[in-house]
Amino acid sequence: WMEVPSLQELCLECLRENVDLLGEVGDVPVTLLRVVLEQATPKQLQILQALNPKMDLENHDVWRIHYEREFHREPTPPSSVTEKAWKALSWYERYKYMEEDRERRLQRAGERLREQYRKANDGWVVCGISLFSSSSTQTNGNGEL
């Protein structure tokens, strides 16, 4: 015989498959929704936080799960933050900090790469297009001709 799932199990499975449709949940305990929240993306969690201010998701362990999944590291402070300040942050704040830090690093790496490319190709011919020296070349502000 096959065990018949409870109504609660069926509802949670339905919510897991349709997290995008989840809105205000009222007084439903976070512990009950844990399996659904673990499946939600960080963006979906942010939306749920905004729609459910009574639900304290910022310090909930579900953000720790996303933090470790996204950044593949133990929850240790980055070199730019003191350990005391890091521990004072919620899991959500730690996640947002690391996400913004990653974005800043990627942007700086892209800028360095574009600058190295410009320097390496200054005055050279690339793909049949003559690249003039940077002093005589006009760009559109983004380093493009």
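Residues numbered from 1 in each chain as written. Predicted model: local features only at pLDDT ≥ 70, side-chain atom pairs only at ≥ 80, totals over all residues. Heavy atoms only, no water.

1. Thoughts on the overall build of the protein chain
Argument step 1. Helix and strand content of the protein chain: 6 helices and 2 strands.
Argument step 2. Mapped in sequence order, the helices and strands of the protein chain form the string α-α-α-α-α-α-β-β.
Argument step 3. Looking at the protein chain residue by residue over its 145 residues, the buried ones come to 27%.
Argument step 4. On the protein chain, roughly 10,700 Å² of surface is accessible, and the fraction owed to carbon and sulfur atoms is 54%. (Helix = DSSP H or I, 4+ residues; strand = E, 2+ residues; numbered from the N terminus. Buried < 20%, exposed > 50% of the residue type's maximum accessible area, 1.4 Å probe, protein only. Areas by Shrake-Rupley, 256 points an atom, 1.4 Å probe, with all protein chains shown as cover.)

2. Some points on the packing of aromatic side chains
Argument step 1. Going through the model one piece at a time under the given rule, you end up with 7 aromatic pairs.
Argument step 2. Members of the aromatic cluster, joined through ring pairs, are W63, Y67, F71, W86, W91, Y92, Y95 and Y97.
Argument step 3. The cationic tip of R94 hangs over the ring face of W91; the distance from NZ or CZ to the ring centre is 4.3 Å. (Phe/Tyr/Trp six-rings, centres within 6.5 Å; stacked < 30°, edge-to-face > 60°. Lys NZ or Arg CZ within 6 Å of the ring centre and 35° of its normal.)

3. Overview of the environment of Q8
Argument step 1. Within the element layout of this structure, Q8 appears in helix α1 (residues 7–17).
Argument step 2. When the C-alpha positions of Q8 and L32 are compared, they lie 9.4 Å apart, and in sequence the two are 24 residues distant.

4. Brief notes about the confidence of the model for the protein chain
Argument step 1. Confidence along the protein chain averages 81 in pLDDT terms, with 81% of residues attaining 70 or more.
Argument step 2. Mean pLDDT per element in the protein chain: strand β1 (residues 125–126) is the minimum at 53, and α1 is the maximum at 92.
Argument step 3. Note that residues 133–138 has pLDDT below 50 and, in this model, 7 contacts with residues that lie over four places away or in other chains. (pLDDT = per-residue confidence, 0-100. Contact = heavy atoms within 4.5 Å.)

5. Points about the nonpolar core
Argument step 1. With 23 residues, the main nonpolar core has L37, L45, L57, W63 and Y67 as its most contacted residues.
Argument step 2. Within the residue set of this core, elements represented by two or more residues are α2 (30–39), α3 (42–51), α4 (61–71) and α6 (91–120).
Argument step 3. Aside from chain neighbours lying at most four places away, what touches L57 is V30, L37, L45, L48, Q49, V62 and W63. (Core = buried A, V, L, I, M, F, W, Y, C linked by side-chain atoms within 4.5 Å.)

6. Quick notes on the state of the cysteines
Argument step 1. Taken as a whole and assessed by the stated rule, the structure comprises 0 disulfides.
Argument step 2. For the unlinked cysteine C11, the closest cysteine sulfur is that of C14, found at 7.2 Å.
Argument step 3. Given the relative accessible area of 42%, C11 is considered partly exposed. (Disulfide = S-S within 2.5 Å.)

7. Regarding α2
Argument step 1. Along α2, the residues classified as buried are V30, L33, V36 and L37. Along the axis of α2, the buried positions cluster into a sector of 110°, meaning they face one direction only. Seen from the buried face of α2, the exposed residues on the opposite side, beyond 90 degrees, are T31 and Q39.
Argument step 2. Buried-residue contacts for α2 involve α1, α3 and α4. (Arc of directions from axis to C-beta.)

8. Thoughts on the pattern of salt bridges
Argument step 1. Counted by the stated rule, this structure contains 11 salt bridges.
Argument step 2. Each of R34, E38 and D61 takes part in a single network of salt bridges with overlapping partners. (Salt bridge = Lys/Arg side-chain N within 4 Å of Asp/Glu carboxyl O.)

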